[in-house]
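Coordinates in review
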Amino acid sequence: MKEDLVLPAPREAAADSAGEPLLQVAGLTKHFPVKGGFPIRRTVGAVQAVDGIDLTVHVGESFGLVGESGCGKSTTGRLITRLMEPTAGTISYRGKDITHASRKQLAPIRSEIQMIFQDPYSSLNPRQTVGKIISGPMEINDIVPEGGREKRVRELLEIVGLNPEHYNRFPHEFSGGQRQRIGVARALALEPKLIVADEPVSALDVSIQAQVVNLLQKVQAELGIAFLFIAHDLAVVRHFSQRVAVMYLGKIIEVGDRESIYTRPRHPYTHALLSAVPEVNLSDETDGGRRERIRLAGDVPSPISPPSGCRFRTRCWKAQDKCAAEEPPLIQISGNHEGHLTACHFPEEPTIEGRDEDIVLDPALAALEEGIEGQ
Amino acid sequence: MTTLTKEAGAPVPADADAFLSVRDLHVSFKTEDGIVKAVDGLSFDLERGRTLGIVGESGSGKSVTNLTILGLHDPKFTTVEGEILLDGQELTTARESDLEKVRGNKAAMIFQDPLTALSPYYTVGRQIAEPFMKHTGASKRAAWERAVEMLGKVGIPNPKERAKDYPHQFSGGMRQRAMIAMALVCDPDLLIADEPTTALDVTVQAQILDLLRDLQQEFGTAIVFITHDLGVIADMADDIMVMYAGGAVERGTMNEVLRSPQHPYTWGLLNSMPRLDSDLDEPLNPIPGTPPSLLTPPSGCRFHPRCTFQDRVGGTRCVTERPLLAPDRASACHLTAEQKRTIFIEEIKPRLG
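So, how was this worked out
Residues numbered from 1 in each chain as written. Chains lettered and ligands numbered in written order. Predicted model: local features only at pLDDT ≥ 70, side-chain atom pairs only at ≥ 80, totals over all residues. Pairing = 2+ DSSP bridges. Helix = DSSP H or I, 4+ residues; strand = E, 2+ residues; numbered from the N terminus. Core = buried A, V, L, I, M, F, W, Y, C linked by C-beta atoms within 7 Å. Buried ≥ 20, exposed ≤ 12 C-beta atoms within 10 Å, placed from the backbone. Domains from an automatic or database assignment. Contact = placed C-beta atoms within 7 Å. pLDDT = per-residue confidence, 0-100. Nonpolar A, V, L, I, M, F, W, Y, C, P; charged D, E, K, R; others polar. Expected span 1.5 Å × (residues − 1). UniProt positions renumbered as here; feature names shortened; annotations may be inferred. Axes fitted to C-alpha atoms, helices over the stretch in contact; angles between N-to-C directions. Parallel < 35°, antiparallel > 145°, perpendicular 65-115°, else oblique. Left-handed = near helix turned anticlockwise from the far one by under 90°.

Focus on the sheet that holds strand β7 (residues 194-198) of chain A
Residue and element names in this part refer to chain A. Reading across from one edge, β6-β7-β8-β3-β9-β10-β12 is the order of the seven strands in this open sheet, with mixed pairing throughout. Because the sheet does not close on itself, it has two edges, and the strands there are β6 (113-116) and β12 (341-342). The sheet contact formed by β6 and β7 spans four bridges and is parallel. Paired with Ile 116 across the strands is Ala 197, a residue of β7.

This is the structure in structure tokens:
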């Protein structure tokens, strides 16, 4: 496998100046109906997977979407690529509304928005050769690049660090990391402007994960492709994205540049999330730079009947009556940097330093720790 | 450390203090493609009340080792050689009936996926009560009360009612708590936790890890904690053993292994992992290549095809001679102790940011 990736010079088509909005999403909502009853099955409720989110991805930017399972981050990715029909809201690509565009209208845009999937085993057709898989998008869109499709595929294989001779092999002959590279090559085949990467490295081993992250970063920087990077691993998202949005139960609760989210978070949930990441402390001082410790109680509530008002209030240590009555808007709180928006009535201090007293909401933990201290 | 290669030939006698002692363990499976040597010459010790973290990638043999300790492998296709001593009792040659007395009583296990590890047919309370009845001879009623008590201890709200629920009525985090309750119900001396938080979300993972640590303090259990996540290991373990392709490559206390690692594979793991405080916009430093197939493992040092420090050893030693792991603080690598120290300080540490 090649480590020094050879990349072609950026295309002239990337003349769009960076910083211009490429994808704009407003009020995006997806509710999945829940059916029940006998003998006639009626809709008895809805899983509110995504509930009114706004986000903008700029040209050439890498935008990270982070959250725990069930927060709606993957659904958001699928709505944006129009693999699912949104219940409400608008998606516009380069200023053009594509929310309900027909197959025909979408066709030219589909080639510009590509997707990389989580599972490199189920996202490649086992009956097709690598060459066929990667040239598939070109065939569908009737594109014959200069020098033929095969030449382009070999070029793509080289870009993603695979041997061009592997053209006629089948997916089962490759390891997980190599398969993910094939998925990346397929996504690059049509020279996309936006790639939606849904947990592209979470199925891979640590040592392989770093290889694929580096590849994606190289592709992003040198080909100027915008990324919507969906992942649950906060460290990987931080490494890959310039701007980051944190989701909880179908809503974006905080969004901002990476620096703000990771060092000056305001939303209690962002604080809890960051403090929960297990970290290797490599510094020799045992006490130096202690991080805050927040342990929430219980699990995420069901998205079928999410809490009223602020959705995080049932697990929040700062919740008051106002949180149940009024949904906090996603706004720039005083003291925040430009573009750092938080949806919270009672935001936290913008620091992740250790507190005088840990916040332990889990009753079992609190009881055990009290017992240990009491001894 | 200089005695590394001299000593390693003969298996080290079992440590007298050790509660669990694994000596020169070999586990291989018969498959259609040939014999897979999943564990190849592994030795380690664990004392009471301590936590040993085993870290490694998929296929490194970390789970197989621990399934073998409890005799959970399929004897029809598995060959086990070597010694496993649990509190003086030899387990590799033990009869099934003797193993049954150990499992769930003296040694218990927590699995990665609680939904497949719990039976969907029985209530959670009954599943927790069952091993207690079997091992202590308690009555049905006493065992049920014990199950409710344990559920309360691991933080299931309203345990009296929830004990009557089935696993599917629990959330992922609660199921893992129920598994912990089940594992600890007989107050085992050894707890094997095989990636217990990998399937969980990060905030729930933090709760479960803290819970395990607090329970360990209360019960004084020895824990073997298996994971691929160095951050989790740093949180949990007293001692660390790094595994690669069926063998241990480095061992030491948590501080020794994470702050002054000696093996190129450990360096690679630390370097390839993004952290919340690592330098931004620097590319990661992945380990080149892919883990080897255990059907045809590489000759000599298993890590040599991916190792970038081979030339420093010189000659063909890495390809021909398998470096062995001495007891205590050690790493299985042909580099000299001095080389390991200087390479880490001068080349690896600066890249960790």
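Things to note about the nonpolar core
Within soluble globular proteins, side chains that are nonpolar generally end up buried alongside one another. The biggest cluster of nonpolar side chains holds 195 residues, and the ones touching the most others in it are Val 246 of chain A together with Ala 178 of chain B. Examining the composition of this core, we find that nine residues originate from one element, helix α6 (residues 206-223) of chain A, more than from any other. If you count residues domain by domain, this core takes at least three from each of domain 1 (18-34 + 48-241) and domain 2 (259-374) of chain A. Those residues in contact with Val 246 of chain A that sit more than four places away from it in its chain are Val 66, Gly 67, Ile 252, Ile 253, Glu 254, Ile 261, His 267, Tyr 269, Thr 270 and Leu 273 of chain A.

Notes on the pairing of strand β9 (residues 243-248) of chain A
Looking along a regular strand, one sees side chains alternate from face to face of the sheet. Residues and elements named next belong to chain A. Of all the six residues making up β9, six are buried; the element is thus mostly covered by neighbouring parts of the structure. Residue alternation in β9 divides its side chains into two sets, Arg 243, Ala 245 and Met 247 and Val 244, Val 246 and Tyr 248, and both sets are buried. By the bridge criterion, six bridges tie β9 to strand β10 (residues 251-257) in an arrangement that is antiparallel. Within the sheet, the bridge partner assigned to Val 246 lies in β10 and is Glu 254. Here β9 hands over to β10 after two residues, with Leu 249 in that stretch at a positive phi of 45°.

Regarding the interface of chain B and chain A
Between chain B and chain A, the residue contacts involve 46 residues of the former and 44 residues of the latter. Looking at the side of chain B that touches chain A, the elements that each hand over two or more residues are α8 (172-184), α9 (202-219), α10 (230-236), α11 (254-259) and α12 (264-272) of chain B. Sorting elements by how many residues they give to the side of chain B that touches chain A places α9 of chain B first, with 12 residues.

With respect to the confidence of the model for chain A
Confidence in the prediction for chain A averages 87 pLDDT; 93% of positions are at 70 or higher. Taking the mean pLDDT of every element in chain A, the minimum, 80, falls on helix α11 (residues 363-374) of chain A and the maximum, 95, on β9 of chain A.

Some thoughts on the domain arrangement of chain A
Interface size is often expressed as the accessible area that is lost when the parts come together. All names here are of chain A. Assigned domains within chain A: domain 1 (18-34 + 48-241) and domain 2 (259-374). The distance between the C-alpha centroids of domain 1 and domain 2 comes to 31 Å. Taken together, the contact between domain 1 and domain 2 spans eight residues of the former and eight residues of the latter. Put simply, the parts of the chain that give the side of domain 1 that touches domain 2 at least two residues each are β2 (42-58) and α7 (234-240). Across the side of domain 1 that touches domain 2, the residue classes tally to four nonpolar, two polar and two charged.

Some thoughts on the sheet that holds strand β1 (residues 20-31) of chain B
Residue and element names in this part refer to chain B. The four strands lie next to each other as β2-β1-β4-β5, forming an open sheet whose pairing is antiparallel. The sheet is open, and its two borders are formed by β2 (34-46) and β5 (89-90), each paired with just one other strand. Pairing analysis gives two bridges linking strand β4 (residues 78-86) to β5, with the strands arranged antiparallel. By the bridge assignment for β5, Leu 85 is matched with Glu 90.

Digging into helix α5 (residues 124-136) of chain B
Residue and element names in this part refer to chain B. For α5, with 13 residues, the first-to-last C-alpha span of 19 Å sits near the 18 Å given by 1.5 Å per residue. Where α5 is concerned, the buried positions are Val 124, Gly 125, Gln 127, Ile 128, Ala 129, Pro 131 and Phe 132. On its buried face, α5 is in contact with α6 (140-153) and α8. Taken from the residues just after α5, Gly 137 is the one with a positive phi, measuring 70°.

Quick notes on the UniProt feature "domain: ABC transporter" (unreviewed entry) in chain B
Within this structure's numbering, the places UniProt gives as "domain: ABC transporter" (unreviewed entry) are residues 22-270 of chain B. Spanning residues 22-270 of chain B, this segment combines 41% helix with 27% strand, and its end C-alpha atoms are found 27 Å apart.

Remarks on the packing of α5 of chain B against α6 of chain B
All names here are of chain B. Look at α5 against α6: their axes get within 8 Å of each other, and the N-to-C directions meet at 120°. Regarding the angle of α5 to α6, the classification is oblique. Here α5 and α6 pass one another in a crossing that is right-handed. Taking contact as the criterion, the partners of Gly 125, Ile 128, Ala 129, Phe 132 and Met 133 in α5 are, on α6, Lys 140, Ala 143, Trp 144, Arg 146, Ala 147, Val 148 and Met 150. In terms of residue class, the contact of α5 with α6 is built from nine nonpolar, one polar and two charged.

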